[in-house]
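Residue-level structure breakdown
Single-letter residue listing:
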Amino acid sequence: MENHIIKKLEHSAFRKNYYQKYENIAPPFWKRIHFQDLSAKNVVEFNSIRMENVHQEGVEFHSIETALDTLSSINFDEFRFGAAQYYVHEVYSLYNTGFYLKIKADAQVDEPIYIEYTLDKKDSQLLDFVIIEAQKNSKASIIINYKTSDNSEVYKNSVLKVIAQDSATLKLSRVQNLNLQSCNHDFSDFNLSDHAKISYYNAEFGAKVNLSASIAYLNGYRSAMQTFPAYVADSDRKVDLAYSAVFRGKMTEGTINGNGAVLDQATKVFRGNIYFEKGSRGSFGREGSFDILLDKTVQSHAIPTLFCDEDDVIGEHYASVGKINENQLMYLMSRGIPESLAKKVIVESSFRPILDNIEHEETRDSLIAELNKRIS
């Protein structure tokens, strides 16, 4: 580590505490994708960040340290994913960028807030720590985009914490489209109070190794969380995705609806978890994934699970894995569309409901172009 990172570590009780925990945890081994990862090395400041529409009424940006000092409601130590603990502690102690974004009470933010991180040879390691707080009765749309500008080997590890207070409405889109020489770790958690609503659109297109976990805690009465993952695994990429919803409040609703395309020699694991805890009476949860397999050489695993400690709930889970619909393919080809293009049209149509909700034209168009380039 550079001296300035060491200095920050030594002068922060929060960082120092989690660095001690981080040092005592061994890097996990990911059995299904046969991968043992290494941690970050020689962490320096990260500078390649671009933001749009941040100076709007009702929007405040603060340092991450401000959130650590003022937000007593955050639980930093609740983990449903054992492997995530190692990477989260790495970010807590060694983060090289981060911010606290507050949407003020009763604010109706008109323009989508856009944050872009670009990794390259110069900025090759990103450990970002982000906290978003949507206060009571607020409404906003936020897009966070991670990309690479060259083919350098890069390392990204992100922690995102979202707090949605009573009757807050938040639309969040996160895009990860790193190059084939990169390693991506990602952990997000969401805490929703009474009547809070979050729609989460998560496009996981990139990285050589992509390990991503997300969990929503539906704490409040009639809170609702919709999660829409979209993922592409091609070449020899290794992808392990885990999305969960924990139902705690009464009459809560949570859905996880994943769509993916897997081809070449890629390995993909999709884990969907629903937890109905005691007191979540009248709640409804649904989770599942739909994968299009474009080659016989892929390995695709779908693991839907449901845990229930409450009687008066409805839980559904599903997993659908298969080839491109032959009837759709023949229909398009019968109208003069070449087979390769027809496949792209079918795959893109399955992604469209997610991509069309990313309210940043440049990012959305780049994802569609990337999808068409990689699907053959």
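Throughout what follows, the structure given in this document is the object of discussion. Worth saying up front: this structure is predicted, and the values here are computed from it rather than measured. (Residues numbered from 1 in each chain as written. Predicted model: local features only at pLDDT ≥ 70, side-chain atom pairs only at ≥ 80, totals over all residues. Heavy atoms only, no water.)

Overview of the packing of aromatic side chains
Which entries qualify depends on this criterion: Note on aromatic pairs: the rings of Phe, Tyr and Trp (six-membered ring only in Trp) are paired at centre separations within 6.5 Å, and the planes decide the class, stacked below 30 degrees, edge-to-face beyond 60, tilted for the rest. In this description a helix means any DSSP run of H or I spanning at least four residues, a strand means any run of E spanning at least two, and both kinds are numbered starting from the N terminus. Only protein chains enter the accessibility calculation, which uses a 1.4 Å probe. A residue is then buried if its area is under 20% of the maximum for its type, exposed if over 50%, and partly exposed in between. In our convention, an over-ring charge means Lys NZ or Arg CZ found within 6 Å of a ring centre and within 35 degrees of that ring's normal.
Within this structure, the stated rule accounts for 23 aromatic pairs. A ring pair is formed by Trp30 and Tyr87, whose centres lie 6.5 Å apart and whose planes are at 25°; its orientation type is stacked. One end of the pair, Trp30, is in strand β1 (residues 29-30); the other, Tyr87, is in helix α4 (residues 82-94), and 57 residues separate them in sequence. Both rings, one in Tyr117 and one in Tyr146, keep their centres 4.9 Å apart while their planes meet at 10°; by these two values the pair is stacked. Here Tyr117 is found in strand β6 (residues 113-119), whereas its partner Tyr146 is found in strand β8 (residues 139-148), with 29 residues between them in sequence. An identical accessibility class is assigned to Tyr117 and Tyr146; each is buried. The rings of Phe14, Tyr18, Phe76, Tyr92, Tyr95 and Phe129 are connected pair by pair, giving a single aromatic cluster. Lying over the aromatic face of Tyr95, Arg15 brings its terminal NZ or CZ to 3.6 Å of the ring centre. Sitting over the ring of Tyr146, Lys156 keeps its end group 4.2 Å from the ring centre.

Points about the packing of helix α6 (residues 339-355) against helix α7 (residues 361-374)
Selection rule: Note on geometry: axes are C-alpha line fits, over the in-contact stretch for helices, and angles between N-to-C directions span 0 to 180 degrees. With respect to orientation, any angle under 35 degrees is reported as roughly parallel, any angle over 145 as roughly antiparallel, any angle of 65 to 115 as roughly perpendicular, and every other angle as oblique. By convention the crossing between two helices is left-handed if the near helix lies anticlockwise of the far one by an angle smaller than a right angle, and right-handed if it lies clockwise. Any pair of residues with heavy atoms lying within 4.5 Å of one another is described as a contacting pair. Each residue is assigned to one class: nonpolar for Ala, Val, Leu, Ile, Met, Phe, Trp, Tyr, Cys and Pro, charged for Asp, Glu, Lys and Arg, and polar for all the others, Gly among them.
For the pair α6 and α7, the least separation of the axes is 10 Å and the interaxial angle reads 155°. Classified by the angle their axes make, α6 and α7 are roughly antiparallel. Along this stretch, α6 crosses α7, giving a crossing that reads as right-handed. Each of Lys344, Val347, Glu348, Phe351, Arg352 and Leu355 in α6 lies in contact with α7, whose residues at this interface are Arg364, Leu367, Ile368, Leu371 and Asn372. Of the residues assigned to the contact of α6 with α7, the class counts are six nonpolar, one polar and four charged.

Concerning the sheet that holds strand β10 (residues 169-177)
To keep it simple, the criterion reads: Two strands qualify as a pair provided that DSSP identifies no fewer than 2 bridges between them.
Reading across the sheet, the nine strands line up as β3-β6-β8-β10-β12-β14-β16-β18-β20 and stay open at both edges, with mixed pairing between neighbours. This sheet does not close on itself; its edge strands, each paired only once, are β3 (49-52) and β20 (313-322). In this sheet, adjacent strand axes meet at a mean angle of 5° when their direction is disregarded. Here strand β14 (residues 224-233) runs beside strand β16 (residues 253-262); their pairing, made up of eight bridges, is parallel. Residue pairing for β16: Tyr231 is matched across the bridge by Gly260.

Description of α6
Applied cut-off: Under the convention used throughout, the expected extent of a helix is 1.5 Å for every residue step, that is, one less than its residue count. Bend, in this description, refers to the angle at a residue between axes fitted to the seven residues ending there and the seven starting there.
With 17 residues, α6 ought to run about 24 Å at 1.5 Å a step, and its terminal C-alpha atoms sit 23 Å apart, in line with that. The largest bend in α6 is about 35°, located at Ser349, with the proline Pro353 one to four residues further on. Those residues of α6 that fall on the buried side of the exposure criterion are Ala342, Ile346, Val347, Glu348, Ser350, Phe351, Ile354 and Leu355. Residues of α6 that are buried make contact with β12 (197-204), β14, β16, β18 (283-293), α5 (326-334) and α7.

Focus on the pattern of salt bridges
Opposite charge on two side chains permits pairing when their charged atoms draw close. Operational definition: Counted as salt bridges are all cases of a side-chain nitrogen of Lys or Arg within 4 Å of a carboxyl oxygen of Asp or Glu.
Applying the stated criterion to the full structure yields 23 salt bridges. With a shortest N-O distance of 3.5 Å, Glu60 and Lys104 are connected by a salt bridge. With Glu60 in strand β4 (residues 59-62) and Lys104 in the loop between β5 (97-103) and β6, this residue pair connects regions lying 44 residues apart in the sequence. Of the residues examined, Glu60 reaches a relative accessible area of 23% and is grouped as partly exposed. Several salt bridges share partner residues, and in doing so they unite Arg50, Glu52, Glu116, Lys147 and Glu362 into one network.

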